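# Residue-level structural notes
Spelled out, the chains give:
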Amino acid sequence: MQIIGATTATSDTFLDTFNRRIPMSITLPNLSTRSLDERYELVSLFIRQEADRLNQSIKVKKDAMIAFMLYDAKANIGQVKRDLKLVCAKSFLHYRTREKSELFIRKRDCPLQVQKGLLKIKEVSERLEHFLEGKGDYLTFEPQGTEVVWSQDLEQNMEVYHEIEDKVSSFNRENIASTDLEKAISQDVDAYFASYVEELAETSTQKDLIAANIWELTDRLYDIAEQRLDRTYNKKARFAFALHLQLTFDRIRKEVPIVHPDLNRVRKKLKTEFQVALDLSTLIEEEMQLEIPFDEIGFISMFLSIQLGQKEQFPQNKVGVIVLMHGNSTASSILSASQELLGSSQGIAMDMSLDTSVNQMYQKLLNYVQENQSMFLNGLLLLTDMGSLNSFATLLYEETGIRTKAVSMTSTMIVIEALRMSEMGRSLEDIYQNIQTSFETIVREQFQTDLKDNKHSKKAIVVTCFTGEGVAAKLYERIAAFVDQAKVEIIPMQFIERETFKKHIDELLAEYEIKAIAGTVEVEYQNIPFFSAYDVFDDEKLKVLKSIIKDEIATETIVNSLEGSIKHVDSLPVLVETLKTIVQQVQSQMHIILEADVESGLVIHLAFLVETLRTTGMNRQFSNLAVFQKKYRLEIDILKTSMISIEKNYNIHIPEDEIVYLTEAFIKNQMDTPFRLYTQS
């Protein structure tokens, strides 16, 4: 038996065991990589098909033809065919309503994305000449009968034209003016093709994963919910609920118990959603002939309370910084010096005299925080010197619910960095991670010892849903297909309440390097990339997830490549390891992802930069420096902060122009991901 298949997915999205069973693979180029000759032939073929379908010649203006040859069709050849069909339908509408003698396609009939193709004329003007010479202002395509290659049933392809004919006849009987007639029917034609845009947003994997009747039921339920709750649910939210619903039905049929761990809280907090969920559960029971458990109504309420794609709204308050140290004036002196250097009034100092008990000091801190809770809505960072003061962060969180982090062995430099980043509006997690990484790097460079490094902890991906078993289990199966679980652990986790979930993530970070979170509720936390359930079943987004968990290039490999070239540092392996940490840190803080070879390339570039600055120096100029600095102010600041330890430990100063060149390298080489730069948010 022979099997011949076709797919728009690339082979790297399939399991290796599957690829090994396919003896021959033929990869056809995307439309964007095809020559102008090929694009001309494809466009001509599709227009001839429409001409033959109508048994009518079609004339195409030259600029419309060029636009179709040059525009970016994101959905490849299928989109070109559908866009051409739309244009032909509009042309046919104009032909029928205005009683024209010819069917004419003009530039203004083309969708906006097609018209943008004309912006590329200058790039290919020489190659276009032989298409334009001697062909006048338009091209004519005559019906060719049997020469046309049919890809679909004739009657099905005629549907839109039949619909136009019927509406023209109907409106003519009502004596509607021709201008109103064309406008009225044009809206219907646009609606007819609008569904195609929606189809492009869904992969075949997503369509096939959920039964058609459940898709239909989900849409009906969410349409009702939109009216009752006066809100809009996007496709990602509907997909997540449909997947949950399908798995719930399976559990009910198998008589697996469904238990909501916090149903009373949901009933009180989501009263409106819970009432709508009760009504929807009745519809579900009638439709599916199943009895919906009361606890499941709690989960439905939670689905109705979320809207995927909307970013979590953080308060605009800056992170609070409190310097807390032993001595009569230690904290006050360090904070005062830091504020003077920065020209800032940010931060609070609390001095703990040696005759003050720990309980007294904690009560003083607690009272202050409780009296000024509005100052700490975005979190609190405690900068301490030693001892039991470090435990205050956990106690404060438990008593007040304010997310609190503590950094011990605080120096003036750490206070300066904390205040500066707080002034910029950076999140608590950003500040904490940045200070922690910088401190570890400084200590490692100072004593040249191999300290225990979190980089070597096991990698993990967290998959989550409201139950921790339904959608999370499907996400687990999807991700497990390409993950080596000896290196990357997949951890299912239940999501009931956002702050509790974040606390569990904090606990996992003590043991794991969490590379991504995938689930039904969007969570922005600790700079960990988030993938919705919809994203996980999208092959393109899955490529990004694969890149995140990729194996990094070994330090030894990079060191060997630089051996003999980098001569003015004490330890090349330490430098390379430090630079690898910085490159990872910058990616995390910028919310970007780089390919492994790009990461190693940046490490090598930075190593040579250190070598050059320690010997001959560097003096190149960045073009349009002020413009770039204004646009990417936060990204530049991330690079500056990240390079402080390198400048200090190698006794160098990195020029502003070089910082900007580095920033540009990170931005230009990032992968296309669901995440955005700070300046784009």
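Definitions and limits used
Every residue gets a number counted from 1 within its own chain, in the order that chain's sequence is written. Local features in this predicted model are restricted to residues of pLDDT 70 or higher, and side-chain atom pairs are both shown and tallied only at a pLDDT of 80 or more, whereas totals for entire chains, interfaces and linings draw on every residue. Just so you know, side-chain values use all the structure's heavy atoms and leave hydrogens and water out. Numbering of helices and strands runs from the N terminus, with a helix taken as a DSSP run of H or I at least four residues long and a strand as a DSSP run of E at least two residues long. Residue exposure (1.4 Å probe, protein chains only): buried if accessible area is under 20% of the type maximum, exposed if over 50%, otherwise partly exposed. Where accessible areas are quoted, they stem from the Shrake-Rupley method and a 1.4 Å probe; at the residue level, only the protein chains shown are allowed to cover. Among buried residues, the Ala, Val, Leu, Ile, Met, Phe, Trp, Tyr and Cys ones that are joined through side-chain atoms within 4.5 Å form a nonpolar core. We call two residues contacting when some pair of their heavy atoms lies within 4.5 Å. Put simply, two rings from Phe, Tyr or Trp (the six-membered ring, in Trp's case) pair if the centres are within 6.5 Å, and we call them stacked under 30 degrees between planes, edge-to-face over 60, tilted for the rest. Either the NZ atom of lysine or the CZ atom of arginine qualifies as a charge over a ring when it sits within 6 Å of the ring centre and within 35 degrees of the ring normal. Here a polar contact means two N or O atoms within 3.5 Å. Within protein one must be a hydrogen donor candidate and the other an acceptor candidate, and residues neighboring in sequence count only if both atoms are side-chain atoms. Pairing between strands is defined by DSSP: at least two bridges between them are needed. Note on geometry: axes are C-alpha line fits, over the in-contact stretch for helices, and angles between N-to-C directions span 0 to 180 degrees. Cysteine sulfurs are considered disulfide-paired once they come within 2.5 Å of each other. By definition here, a helix of n residues has an expected span of 1.5 Å times n minus one. The predictor reports its confidence for every residue as pLDDT, a score running from 0 up to 100. Salt bridges are identified by distance alone: a Lys or Arg side-chain nitrogen within 4 Å of an Asp or Glu carboxyl oxygen. Convention used here: angles under 35 degrees read as roughly parallel, angles over 145 as roughly antiparallel, angles from 65 to 115 as roughly perpendicular, and any remaining angle as oblique. Should the near helix be turned anticlockwise from the far one by less than a right angle, the crossing is termed left-handed; should it be turned clockwise, right-handed. Ten residues, namely Ala, Val, Leu, Ile, Met, Phe, Trp, Tyr, Cys and Pro, are considered nonpolar, four, namely Asp, Glu, Lys and Arg, are considered charged, and the remaining ones, Gly among them, are considered polar.

### Details of the overall build of the chain
The helix and strand inventory of the chain stands at 31 helices and 11 strands. Across the 681 residues in the chain, those meeting the buried criterion constitute 49%. Element-wise, carbon and sulfur atoms account for 49% of the exposed surface of the chain, whose accessible area totals about 34400 Å².

### Remarks on the nonpolar core
Residues Phe249, Leu304, Ile479 and Ile505 are the most contacted members of the largest nonpolar core, which totals 80 residues. With 10 residues, the single largest contributor to this core is helix 12 (residues 235-253). Setting aside chain neighbours within four positions, we find Ile479 in contact with Ile461, Val463, Ile490, Ala518, Val536 and Leu545. Counting 39 residues, the second-largest nonpolar core is a separate cluster that includes Val576, Val583, Leu594 and Val598.

### Let's talk about the environment of Ile646
By secondary structure assignment, the location of Ile646 is in helix 30 (residues 644-649). If we skip the residues at most four places from it in the chain, Ile646 touches Leu575, Thr578, Leu579, Ile582, Val610, Asn651 and Ile652.

### What about the packing of aromatic side chains?
With the rule as written, the count across this model stands at 14 aromatic pairs. With 5.7 Å between their ring centres and 75° between their planes, Phe274 and Phe294 make a pair best called edge-to-face. Note that Phe274 is positioned in helix 14 (residues 271-288) and Phe294 in helix 15 (residues 294-304), a separation of 20 residues in sequence. Taking relative accessible area as the criterion, Phe274 reaches 7% and is therefore assigned buried. Phe294 gets classed as partly exposed once you look at its relative accessible area, which sits at 38%. Each ring, one from Phe628 and one from Tyr632, has its centre 4.8 Å from the other, and the planes form 45°; the classification is tilted. Neither residue differs from the other here; Phe628 and Tyr632 are each classed as buried. Aromatic rings pair up to connect Trp215, Phe239, Tyr534 and Phe537 into one cluster. Its guanidinium or amino end placed over the ring of Tyr432, Lys405 lies 5.1 Å from that ring's centre, counting from NZ or CZ. The ring of Phe482 carries Lys546 above its face, with NZ or CZ at 5.2 Å from the centroid.

### Structural notes on the side chain of Ser422
On the secondary structure map, Ser422 appears in helix 19 (residues 412-423). Among the polar contacts listed, one links the side chain of Ser422 to the backbone oxygen of Val319, at a separation of 2.6 Å. Setting aside residues no more than four positions away along its own chain, Ser422 makes contact with Lys318, Val319, Val321, Gln346 and Ile431.

### A short note on the sheet that holds strand 9 (residues 488-494)
Strands sit in the order 9-8-10-11 across an open sheet of four strands; the sheet is parallel. Both outer strands of the open sheet, strand 9 and strand 11 (530-532), are each paired with one neighbouring strand and no more. The average angle at which neighbouring strand axes cross in this sheet is 25°, direction not considered. When strand 10 (residues 512-519) meets strand 11, the two strands line up parallel, connected through three bridges. Among the inter-strand pairings, Ile517 is bridged to a residue of strand 11, identified as Phe530. On top of the sheet, helix 21 (residues 471-480) reaches strand 8 (458-465), strand 9 and strand 10; it is set at about 145° to strand 8, its chief contact.

### What to know about the state of the cysteines
Two cysteines whose sulfur atoms are joined by a covalent bond form what is called a disulfide. Tallied over the full model, the rule gives zero disulfides. Cys88 takes part in no disulfide bond, and the closest cysteine sulfur, belonging to Cys110, lies 9.6 Å away. You can call Cys88 buried: its relative accessible area is 0%.

### Description of helix 2 (residues 36-54)
Here helix 2 is 19 residues long and its end C-alpha atoms lie 27 Å apart, about the 27 Å a rise of 1.5 Å per residue gives. Burial within helix 2 is extensive, with 14 of its 19 residues counted as buried. Remark: Asn55 follows helix 2 within two positions and exhibits a positive phi of approximately 50°.

### Quick notes on helix 12
The terminal C-alpha atoms of helix 12, which comprises 19 residues, lie 27 Å apart, in line with the 27 Å expected from a rise of 1.5 Å per residue. Summarising burial for helix 12: 15 of the 19 residues are buried, a large majority. With its phi angle positive at about 60°, Glu255 sits one or two positions after the end of helix 12.

### Structural notes on the sheet that holds strand 3 (residues 138-141)
Pairing within the open sheet is mixed, and its three strands lie in the order 2-1-3. Unpaired on one side and paired on the other, strand 2 (103-105) and strand 3 mark the two borders of the sheet. Averaged over all pairs of adjacent strands, the angle between their axes in this sheet comes to 25°, without regard to strand direction. Against the sheet, helix 3 (residues 62-70) touches strand 1 (58-61), strand 2 and strand 3, its axis set at about 80° to strand 1.

### Here's the deal with the confidence of the model for the chain
For the chain, the mean per-residue pLDDT works out to 78, and 79% of the residues sit at or above 70. Per-residue pLDDT stays below 50 along residues 146-157; that stretch engages in 13 contacts with residues further than four places along the chain or on separate chains.

### Some points on the pattern of salt bridges
Scanning all chains against the criterion turns up 17 salt bridges. Glu50 serves as the salt-bridge partner of Arg53, at 2.3 Å between the closest nitrogen and oxygen. Of this pair, Arg53 and Glu50 both sit in helix 2, three residues apart, which is roughly one turn of the helix. Assigned by exposure class, Arg53 and Glu50 land together as buried.

### What about the packing of helix 26 (residues 572-590) against helix 27 (residues 596-614)?
Contact pair helix 26 / helix 27: the axes reach a minimum separation of 9 Å and the direction vectors enclose 125°. The angle between helix 26 and helix 27 places the two elements in the oblique class. The handedness of the crossing between helix 26 and helix 27 comes out as right-handed. Across the interface between the two elements, Leu575, Val576, Leu579, Lys580, Val583, Gln584 and Gln587 from helix 26 touch Glu599, Leu602, Val603, Leu606, Ala607 and Val610 from helix 27. Across the contact of helix 26 with helix 27, the residue classes break down as nine nonpolar, two polar and two charged.

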